[in-house]
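# Chains, contacts and geometry: an overview
Letter by letter, the chains look like this.
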Amino acid sequence: MRSFDAAEYDLKIFKDLGFIRNKCSVCGQFFWSLNPNQSKCGDAPCVTYSFIGDPPGRTLTLDQVRAEFVGFFQRNGHTFLNFYPVVCRWRDDLYLNDASIVNFQPYTTNGMVPPPANPLVVVQPCIRLVDLDLVALTLGRHLSSFEMGGYHAFNSAQWGEVYWKDETVSYCQRFFTEALKVPGETITYKESVWSGGGNAGPCLEVLVGGLEVSTLVFMKFKELTDGNFVELPVRTVDTGTGMDRNCWLLSGKPTGFHAIYG
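This is a predicted model, so every value here is computed, not measured.

Check the secondary structure of the protein and you find five helices and nine strands. Based on the C-alpha atoms only, the size of the protein along its principal axes is roughly 50 × 40 × 40 Å. Counting the 262 residues in the protein, one finds 53% classified as buried. In the protein, the share of contacts with a sequence separation of at least 24, taken over all contacts with a separation of at least 6, comes to 62%. Summed over its atoms, the accessible surface of the protein is roughly 11600 Å², and 53% of this surface lies on carbon and sulfur atoms. Positive and negative charge centroids in the protein, built from 22 and 27 side chains respectively, lie 2 Å apart.

Structure, rendered in structure tokens:
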């Protein structure tokens, strides 16, 4: 897997909030935490699910999680956008919509068409078939159909500077602690790399209780057929927050299916 320099993840917001960088004693990946004694990245299987029977934050239904997500970002200057079709007819390389950023690839992320709003928030129904062999085995971490909440910003010389890494992490931390009432010390940010739809960038996986509840991608590269990266004219804040996963997290129930479907 392509890796990025540590400087890509060394953010002012982490220092302002008191986060400390450490290396997971199990998988070897670096992560940021408020707990100086934390030795593991906070992701399963390096740790076990700790939220089952002991949920953090508020107990919310799926509808309530969605409403909290949209409301938080609307209050913070994001325009709410109706979700796009599940069949992504604007793409010639993908049939089913499996992430909120798919709505804006390749035309907006490559700088050809301006975004419908900037910044924006959307909750996108998704169908993801690449994880079918994991559905049920991971108790609800993987689903064939789910809702992805995305808050997105598109930065370019043409469209201006909206916000980038520090603000993205700040919004994430505030959403979980203010809207969902998840204790800040339970949130871990694991350094990672993301690529999809021909784009790529460094990312932070947001973890609570062993569950990845959000991913913050700083998309600034186009991935070429030979595997090399070239910089895009647009730096896109591509975030994905699982509405279903967060419903499960906040319910503390044995599986995500119990939390979502009853």
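What follows picks up the thread again.
Of the volumes computed, that of the largest pocket is approximately 940 Å³. Around the largest pocket, the lining comprises 37 residues; the ones closest to its centre are Asp 98, Arg 128, Met 148, Trp 194 and Thr 215. Only strand 5 (145-155), strand 6 (187-196), strand 7 (199-208), strand 8 (211-223), strand 9 (229-242) and helix 4 (243-251) provide two or more residues apiece to the lining of the largest pocket. Class assignment for the residues of the lining of the largest pocket results in 14 nonpolar, 12 polar and 11 charged. Along its surface, the second largest pocket is lined by 10 residues, and Ser 3, Gln 29, Glu 191, Ser 192 and Val 193 are the ones closest to its centre. Take the lining of the second largest pocket: its biggest share by element is three residues, from strand 6. A breakdown of the residues in the lining of the second largest pocket according to their chemical character gives five nonpolar, three polar and two charged.

Contact pair helix 2 (residues 62-75) / helix 4: the axes reach a minimum separation of 9 Å and the direction vectors enclose 115 degrees. The orientation of helix 2 with respect to helix 4, classified from their angle, is roughly perpendicular. Here helix 2 and helix 4 pass one another in a crossing that is right-handed. Seen from helix 2, the contacting residues are Leu 62, Val 65, Arg 66 and Phe 69; seen from helix 4, they are Met 243, Asp 244, Asn 246, Cys 247 and Leu 250. Classifying every residue of the contact of helix 2 with helix 4 gives six nonpolar, one polar and two charged.

Turning next to the pairing of strand 6. For a regular strand, side-chain orientation follows a simple rule: the groups alternate between the two sheet faces. The element strand 6 is extensively covered by neighbouring structure, given that seven of its 10 residues are classed as buried. Bridge count between strand 2 (residues 30-33) and strand 6: two bridges; the pairing is antiparallel. When the sheet's bridge partners are listed, Phe 31 is paired in strand 6 with Lys 190. Both strand 6 and strand 7 contribute to a ladder of 10 bridges, which runs antiparallel. Counterpart to Tyr 189 in the pairing with strand 7 is Val 206. Hairpin connection from strand 6 to strand 7: two residues lie between these consecutive antiparallel strands, with Gly 197 at a positive phi of about 65 degrees.

Together, Tyr 107, Met 112 and Val 113 give the surface a local cluster of nonpolar side chains, amounting to about 290 Å² of exposed area. Checked against the element boundaries, Tyr 107 lands in the loop between strand 3 (79-81) and strand 4 (120-127). Judged by its relative accessible area of 39%, Tyr 107 falls in the partly exposed class.

Time to look at helix 2. The first and last C-alpha atoms of helix 2 sit 20 Å apart over 14 residues, in line with the 20 Å expected at 1.5 Å per residue. Considered for burial, the residues of helix 2 that qualify are Leu 62, Val 65, Glu 68, Phe 69, Val 70, Gly 71, Phe 72 and Phe 73.

Turning our eyes to something else, we now look at the packing of aromatic side chains. Per the stated rule, a full pass over the model turns up 25 aromatic pairs. Judged by centre distance (4.9 Å) and plane angle (85 degrees), the ring pair of Phe 72 and Phe 73 falls under edge-to-face. Take Phe 73: its relative accessible area is 0%, and that puts it in the buried class. Seen in terms of ring centroids, Phe 73 and Tyr 171 are 5.9 Å apart; in terms of plane orientation they differ by 65 degrees. Their pairing is edge-to-face.

Reading guide: rules and limits
- Residues numbered from 1 in each chain as written.
- Predicted model: local features only at pLDDT ≥ 70, side-chain atom pairs only at ≥ 80, totals over all residues.
- Heavy atoms only, no water.
- Helix = DSSP H or I, 4+ residues; strand = E, 2+ residues; numbered from the N terminus.
- Buried < 20%, exposed > 50% of the residue type's maximum accessible area, 1.4 Å probe, protein only.
- Contact = heavy atoms within 4.5 Å.
- Areas by Shrake-Rupley, 256 points an atom, 1.4 Å probe, with all protein chains shown as cover.
- Lys, Arg positive; Asp, Glu negative; His and termini not counted.
- Charge placed at Lys NZ, Arg CZ, Asp CG, Glu CD.
- 1 Å grid on protein atoms, 1.4 Å probe; cavity = no way out; pocket = protein on both sides within 12 Å on 5 of 7 lines; lining within 4 Å.
- Points joined across faces, edges and corners; volume = space filled by probe spheres on them.
- Nonpolar A, V, L, I, M, F, W, Y, C, P; charged D, E, K, R; others polar.
- Axes fitted to C-alpha atoms, helices over the stretch in contact; angles between N-to-C directions.
- Parallel < 35°, antiparallel > 145°, perpendicular 65-115°, else oblique.
- Left-handed = near helix turned anticlockwise from the far one by under 90°.
- Pairing = 2+ DSSP bridges.
- Patch = residues over 30% accessible without salt bridge, like charges linked within 9 Å, V, L, I, M, F, W, Y side chains within 5 Å.
- Salt bridge = Lys/Arg side-chain N within 4 Å of Asp/Glu carboxyl O.
- Expected span 1.5 Å × (residues − 1).
- Phe/Tyr/Trp six-rings, centres within 6.5 Å; stacked < 30°, edge-to-face > 60°.

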